[in-house]
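Commentary on secondary and tertiary structure
Now for the letters of each chain:
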Amino acid sequence: MAVSLPHRHLDQMQPWSDRQHLLECLSVTPEAPDVMTFTFGSDKDNWFRYLPGQFVTLELPAAPEPVMRTYTLSSTPSRPFSVAVTVKAQKDSIGTRWMFENLKPGMRIKAFGPLGDFSHIRHPGEKYLFVSAGSGITPMMSMTRYMSDIAPLSDITFVNCSRSPTDIIFRSELEYLARFMPNLNLGFIVEGCGRTDLWSGLKGRIDKAKIGLLAPDFMDRTIFCCGPEVFMDAVRSMLEAHGFDMSRYHQESFQPANAATPLAEVSDDASGEAATTIRFTMAGKDVACAAGQTVLQAARGAGVRIGAACESGLCGTCRVMKLSGEVEMSHNGGILDDEIDEGYILACCSRPKTDVQIEA
């Protein structure tokens, strides 16, 4: 195991700065029903550098082919010798179920990142309202853990919505942190309770009345929201209706892009542009790319494998080197300016304007 030894100092180690990493699983910890925390160390003598609230994409060797899944880091960069993701397995999940059933301490997997703009470091405020549902609590936990270590007097109202009291992730740790953070105020809302649940808190779904009760001064706070899309839509609509300054509202989402348009349905007449040719140099293939089609779509149609997860220009997993030619790229923060200057593109959101050569 290549985990850093206790006598090694941070100054003697290199930062985790490359965009692709090999991580070694250190531990697997149950958190709630169908929720696990997977903690990783570097396969080399490195320390981890990232912003609280950022995410990574894991390449999981689930059969028949590896799958890419994007997860927020629940750990804090103020404890830089390991990283952790806390994930909830749904009935129809493939990658997460593989993790639950197969990922054990000592195993190694590939990771891409970290990336993401959802962090109080990027969007600072005088006081915060964290609103989450289910596993959307993970970036909030990362930021709260960071503030606990770095700025324990930070003013945070932490609101989490869960199905039942037993489904509240990190409840014990949050209650522990609140003992040492005088301005950390916790508010839990559950949809319902079982017969054996002891619960005296709020019940039902989040609404304006409950937000006003838990955070009476929410209009003065910087708000971070994460959870299912329908949950975030409800919170956003509620705030907009109340006249909240939405420049101080931030939400995290890994909503996949719409399904790619099949090649047969893309024509020159539809876009007014001519088809181009993509040369995938490592695969040794010249592939016709219809007007409006992305590099990723063309690669898939030709059997050229390019890893991808979000397919919306967010996670950066599909980053490839463009050796020549021009593309039009519309990303959502999944690639850095200096990477673009070096010639990298995101295959999922890049459409060739001319014939191009791609290192794939």
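Here we summarise the structure given alongside this text. All values derive from a computational prediction rather than experimental measurement. (Residues numbered from 1 in each chain as written. Predicted model: local features only at pLDDT ≥ 70, side-chain atom pairs only at ≥ 80, totals over all residues. Heavy atoms only, no water.)

When helices and strands are counted, the protein chain shows 8 helices and 21 strands. The globule rule puts the C-alpha radius of gyration for 360 residues at 21 Å, and the 22 Å found for the protein chain is close to it. For the protein chain, the spread of C-alpha atoms along the principal axes amounts to about 65 × 55 × 40 Å. Per-residue burial over the protein chain gives 49% buried out of 360 residues. Contacts spanning at least 24 positions in sequence make up 67% of the contacts within the protein chain whose residues lie at least 6 apart. (Helix = DSSP H or I, 4+ residues; strand = E, 2+ residues; numbered from the N terminus. Rg over C-alpha atoms; globule rule 2.2 N^0.38 Å. Buried < 20%, exposed > 50% of the residue type's maximum accessible area, 1.4 Å probe, protein only. Contact = heavy atoms within 4.5 Å.)

Turning to unusual backbone geometry, a few remarks are in order. Cis geometry marks the peptide bond from Gly-113 to Pro-114; its omega dihedral reads 5 degrees. Relative to the helices and strands, Pro-114 resides in strand β8 (residues 108-115). The phi dihedral of Phe-170 falls on the positive side, at around 65 degrees, and the residue is not glycine. Here Phe-170 is to be found in the loop between β10 (156-162) and α3 (171-180).

Right, let's talk about the sheet that holds strand β17 (residues 319-324) for a bit. Across the sheet, 5 strands lie side by side as β16-β15-β21-β17-β19; this open sheet has mixed pairing. Only two strands of the sheet have a single neighbouring strand rather than two, namely β16 (285-289) and β19 (344-346). Direction aside, the axes of adjacent strands within the sheet are offset by 40 degrees on average. In the sheet, strand β15 (residues 276-280) pairs with β16 via 5 bridges, with the strands oriented antiparallel. Paired with Ile-278 across the strands is Val-287, a residue of β16. (Pairing = 2+ DSSP bridges. Axes fitted to C-alpha atoms, helices over the stretch in contact; angles between N-to-C directions.)

One open sheet holds the 6 strands; their spatial order is β12-β11-β10-β9-β13-β14, and the pairing between them is parallel. Both outer strands of the open sheet, β12 (202-203) and β14 (249-252), are each paired with one neighbouring strand and no more. Where strand β11 (residues 184-190) meets β12, 2 bridges bridge the pair, whose relative direction is parallel. Within the sheet, the bridge partner assigned to Val-190 lies in β12 and is Lys-203. Its contacts with the sheet put α3 on β10 and β11, and the angle it makes with β11 is roughly 155 degrees.

Turning our attention to the nonpolar core. Counting 24 residues, the largest nonpolar core has Phe-130, Met-140, Ile-156, Phe-158, Leu-174 and Phe-224 as its most contacted members. Sorting the residues of this core by element identifies β9 (128-133), α2 (137-150), β10, α3, β11 and β13 (222-226) as the ones contributing at least two each. Considering every element that reaches this core, the biggest residue donor is α2, with 5 residues. Beyond its immediate stretch of four places on either side in the chain, Phe-224 contacts Phe-118, Ser-119, His-120, His-123, Tyr-128, Leu-129, Phe-130, Val-131, Met-140, Met-143 and His-250. (Core = buried A, V, L, I, M, F, W, Y, C linked by side-chain atoms within 4.5 Å.)

Time to look at the packing of aromatic side chains. Tallied over the full model, the rule gives 7 aromatic pairs. Each ring, one from Tyr-128 and one from Phe-130, has its centre 5.9 Å from the other, and the planes form 40 degrees; the classification is tilted. Aromatic side chains Phe-130 and Phe-224 sit 5.8 Å apart centroid to centroid with 85 degrees between the ring planes, which places their arrangement in the edge-to-face category. Pair noted here: Phe-130 is in strand β9 and Phe-224 is in strand β13, with a separation of 94 residues, a long-range link. On the accessibility criterion, Phe-130 (0% relative accessible area) is buried. Among the aromatic side chains, those forming a connected cluster through ring pairs are Phe-118, Tyr-128, Phe-130, Phe-158 and Phe-224. Positioned above the aromatic ring of Phe-170 is the side chain of Arg-145, whose terminal nitrogen or guanidinium carbon lies 4.9 Å from the ring centre. The positively charged end of Arg-319 is found above the aromatic ring belonging to Tyr-344, 4.3 Å away from the centroid. (Phe/Tyr/Trp six-rings, centres within 6.5 Å; stacked < 30°, edge-to-face > 60°. Lys NZ or Arg CZ within 6 Å of the ring centre and 35° of its normal.)

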